[in-house]
Amino acid sequence: MTLIRFKASQEQDADLSITYDAVVVGSGAAGGMAAHVLTSQGMKVLLLEAGKKIDINSELRSMQWPYDHPRRGEAPPGYHAIRFNEYNVRKPPYAKGSAFKHVFSYVGGWGGSDYVKNILVDEKNHPYTGTKYAWVRARLLGGKTNIWGRLALRLSDYDFKGKTHDGYGEDWPISYADIEPYYDKVDLYLGISGHKENLRQLPDSLFQRPNKLTGSEVMLRKSLATMNRTLTPYRAGVTTDGVKNKYRSKCFGRGACDRRPGGCDIHAAFDSPTGLIYPAMDTGNLTLRTNSTAHEVLVDSNTGKARGVSFVDSQNHRTYEAKAKVVIVAASTLESARLLLLSKSRQHPNGIGNSSGHVGHNFCEHVMGPGVTGLVKDMVGAPPTLDDGKPGGFYVPRFRNLEDKQPGFVRGYGFEGGSGFSLFPRHALDTPGFGGQFKKSVREHAGAFISMGGFGEVLARYENYVDLDPDVKDAWGIPVLRFHYEFSDNEKKMCEDMANAGKEMFEAAGIEVIGVDKNILTEGWSIHELGTARMGNDPKTSVLNQFQQSHDVKNLFVVDGSSHVSASCQNPTWTIMALAWRSCEHLADELKRGNL
Ligand SMILES: Cc1cc2nc3c(=O)[nH]c(=O)nc-3n(C[C@H](O)[C@H](O)[C@H](O)COP(=O)(O)OP(=O)(O)OC[C@H]3O[C@@H](n4cnc5c(N)ncnc54)[C@H](O)[C@@H]3O)c2cc1C
Ligand code: SF4
């Protein structure tokens, strides 16, 4: 056995000879929250994370200017980020046969691959197969929360009770009233910035100071109000007033988290290590083992209950076992489904928790691509202001299929947008001319652009699923996922409406529309994959109950986005954490009562 030592508030070794109260697989938003809640209840928890622990601040170099980097942020030769056309023209595994030494998802091409080359997985080691899919994975302590976009939204009963509202799919086994107290706890513990709007479709959080809107955004907000639509400052999972946490600072409004794929070196933006895991370690109840890839939930051959987890050390490739009274899977939606499917035994021949046959199915996410760009004439020539010195722009919540009924599609979409001066005036690349006149034109127009892009609900459908590829394995010999997933007509019609509605809103506000994008981005682009082990009241058609507890195995919980019954159109991370908090409180109670 190798003992991993780590640098945090205190040093601990993972003793694999003992039986922990709980073993948690994965250290992102879901696993971090499980670790926080369970350790605060006094439980002894082992957290297994497949990735490494890196010095994240020196990796992100949040305040580095492009000209301070020898390659303007690009990774050294030999690194490649997959492009939009590659995703669509080729089929996965995308890195197969690539001449590049390292291949990353498209996020690696976002304003500097050098900053994420140790954060995103190298697709050469982590292949997947099947239908086209842009799968973005971050394997390190904290997972994708190290670079997430920070938009932190609640779901409403339009989402939890979607079937009741429009007849499609399934209702969730909870309603907004069940989860509201846990959203509140997440807000207070982690901090969220935003502005109250009193909307039924997007409940307010317990907000800290909001970001200021730019002049263009205020203009659009006023115009949208006359259409009964709302533009609200970006609801950022960022503490603007500060929280009681010695690992985090309040936001200084440096906008650095928007320069590249996320990341905040003073941790004002939530990330799982500083927000959840280090404080959990301070309780003395958490043991962390990184470089530990779980590949099977082990079962007791007499009872069929979970007895622990088998994992491979990512560095020495040896296999170990961790023993626990309760197993909590939180490896992210797709990896969690993979782990359940990999865990076959006499009692669970289709994979653990899969007597319904629904593990891997009802896979959903958000569809994106359509958007609009405009020019606000009054802002041309305006003196520069620090518009990007904040952790986000604005959000336009869903307005379709609330009171109205659209003829072409069910459910809805919201828009994420931004405007004003940015670090690099991107429009310079499209501005004609040269010399002094060119520079003058670029400067004059730099603060006058506004744009927004839609995020729409992809319907949960049984036909969209992942399973294990019988032939292909990853670099550690573990079978990989095979995708069977594509957008339906509902998503395509919704996207047509997104582009038209975006244009209509800009025109109504007097903004000159200079570009309308109608193209749909590849499946997976939203990085909001959900629903592969859904909750429900009926064990025949769902995998988990309302506490994310397996219907089949009562000491097995799956606390990430795989449990979501539908995708809604709101970004999922705040809901993932609120649900995990609720389930882990229930778990701790049940364990104390001897019910697990
Ligand atoms: C660029 C970007 C922008 C985003 N923007 C937003 C946003 O604005 N708003 C929003 O709500 N969401 C956003 N997201 C999505 C958000 O990051 C995820 O919803 C969130 O991180 C999900 O948490 P998770 O714990 O389920 O998964 P992750 O954060 O991915 O964590 C899972 C962890 O499990 C580990 N793991 C995987 N398999 C195993 C295994 N077999 N054994 C052990 N460990 C394993 C992984 O290494 C990882 O550390 C964004 C993501 C990215 C990448
Ligand atoms: S704007 Fe705030 S959240 Fe973003 S990097 Fe700066 S301090 Fe961090």
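Up top you'll find the structure we're talking about.
Residues numbered from 1 in each chain as written. Chains lettered and ligands numbered in written order. Predicted model: local features only at pLDDT ≥ 70, side-chain atom pairs only at ≥ 80, totals over all residues. Heavy atoms only, no water.

> What should I look at first to understand the pattern of salt bridges in this one?
Any two side chains of opposite charge can pair if their charged atoms end up close together. Per the counting criterion, the structure on display carries 33 salt bridges. Its salt-bridge partner being Asp-184, residue Arg-154 comes within 2.8 Å of it at the nearest N-O pair. Taken together, the residues Arg-154 in the loop between strand 5 (129-130) and helix 4 (157-160) and Asp-184 in helix 6 (residues 176-190) connect sequence positions 30 residues apart. On the basis of relative accessibility, which here comes to 2%, the residue Arg-154 falls in the buried class. With its nearest N and O atoms 2.9 Å apart, the salt bridge here joins Arg-482 to Asp-467. Taken together, the residues span a long stretch of sequence, with Arg-482 in strand 16 (residues 479-484) and Asp-467 in strand 15 (residues 465-473) at a distance of 15 residues. Its relative accessible area of 18% is what places Asp-467 among the buried residues. Here the salt bridges share partners, and the residues they tie into one network are Arg-61, Arg-71, Asp-114 and Lys-117. (Salt bridge = Lys/Arg side-chain N within 4 Å of Asp/Glu carboxyl O. Helix = DSSP H or I, 4+ residues; strand = E, 2+ residues; numbered from the N terminus. Buried < 20%, exposed > 50% of the residue type's maximum accessible area, 1.4 Å probe, protein only.)

> So what exactly am I meant to see when it comes to unusual backbone geometry here?
What you tend to see is this: most non-glycine residues have negative phi, and most peptide bonds are trans. Along the chain, Pro-92 connects to Pro-93 via a cis peptide bond; the corresponding omega equals 5°. Mapping Pro-93 onto the fold places it in the loop between helix 3 (84-89) and strand 4 (102-104). The phi dihedral of Asn-401 falls on the positive side, at around 55°, and the residue is not glycine. As for its position among the elements, Asn-401 is in the loop between strand 12 (394-396) and strand 13 (413-419). Under the relative-accessibility criterion, Asn-401 is labelled buried at 6%. Although it is not a glycine, Ile-527 adopts a positive phi angle of roughly 60°. Here Ile-527 lies in the loop between strand 17 (512-517) and strand 18 (556-558).

> I tried to follow the environment of Ala-30 on my own but got confused; where do I start?
Along the chain, the position of Ala-30 falls in helix 1 (residues 29-40). With 535 residues separating them in the primary sequence, Ala-30 and Val-565 have C-alpha atoms 16 Å apart. Every residue in contact with Ala-30, bar those within four places of it in the chain, is listed here: Ala-330, Val-559, Asp-560, Ile-576 and Ala-580. (Contact = heavy atoms within 4.5 Å.)

> Looking at this model, I keep getting lost on the packing of aromatic side chains. Mind explaining?
Two measures describe an aromatic ring pair: the distance that separates the ring centres and the angle between the ring planes. Applying the stated criterion across every chain, the model contains 29 aromatic pairs. Summarising the aromatic geometry, the rings of Trp-148 and Phe-270 are spaced 6.0 Å apart at their centres and angled 85° between planes, so their arrangement reads as edge-to-face. Pair noted here: Trp-148 is in the loop between strand 5 and helix 4 and Phe-270 is in the loop between strand 6 (232-233) and helix 8 (272-281), with a separation of 122 residues, a long-range link. Ring centres of Phe-270 and Trp-574 lie 6.3 Å apart, and the angle between their planes is 90°; on these two criteria the pair is classed as edge-to-face. Within this pair, whereas Phe-270 is found in the loop between strand 6 and helix 8, its partner Trp-574 is found in helix 12 (residues 573-592), the two being separated by 304 residues in sequence. Residue classification places Phe-270 among the buried residues on the basis of a relative accessible area of 1%. In this arrangement the basic side chain of Arg-137 is found over the ring face of Trp-135, its NZ or CZ atom lying 4.0 Å from the centre. Over the face of the ring belonging to Phe-399 we find Arg-229, whose NZ or CZ atom lies 4.0 Å from the ring centre. (Phe/Tyr/Trp six-rings, centres within 6.5 Å; stacked < 30°, edge-to-face > 60°. Lys NZ or Arg CZ within 6 Å of the ring centre and 35° of its normal.)

> Sorry, what's going on with the sheet that holds strand 14 (residues 449-457) here?
The strands making up a sheet associate through backbone hydrogen bonding, with each pair oriented either parallel or antiparallel. Taken in spatial order, the 6 strands make up an open sheet running 6-12-13-14-11-17, and their pairing is antiparallel. On the outer flanks of this sheet lie strand 6 and strand 17, each paired with one strand and no other. Pairing geometry for strand 11 (residues 366-375) and strand 17, over 5 bridges, is antiparallel. Looking at the pairing, Leu-375 lines up with Glu-512 of strand 17. (Pairing = 2+ DSSP bridges.)

The analysis is restricted to geometry; functional conclusions fall outside its scope.
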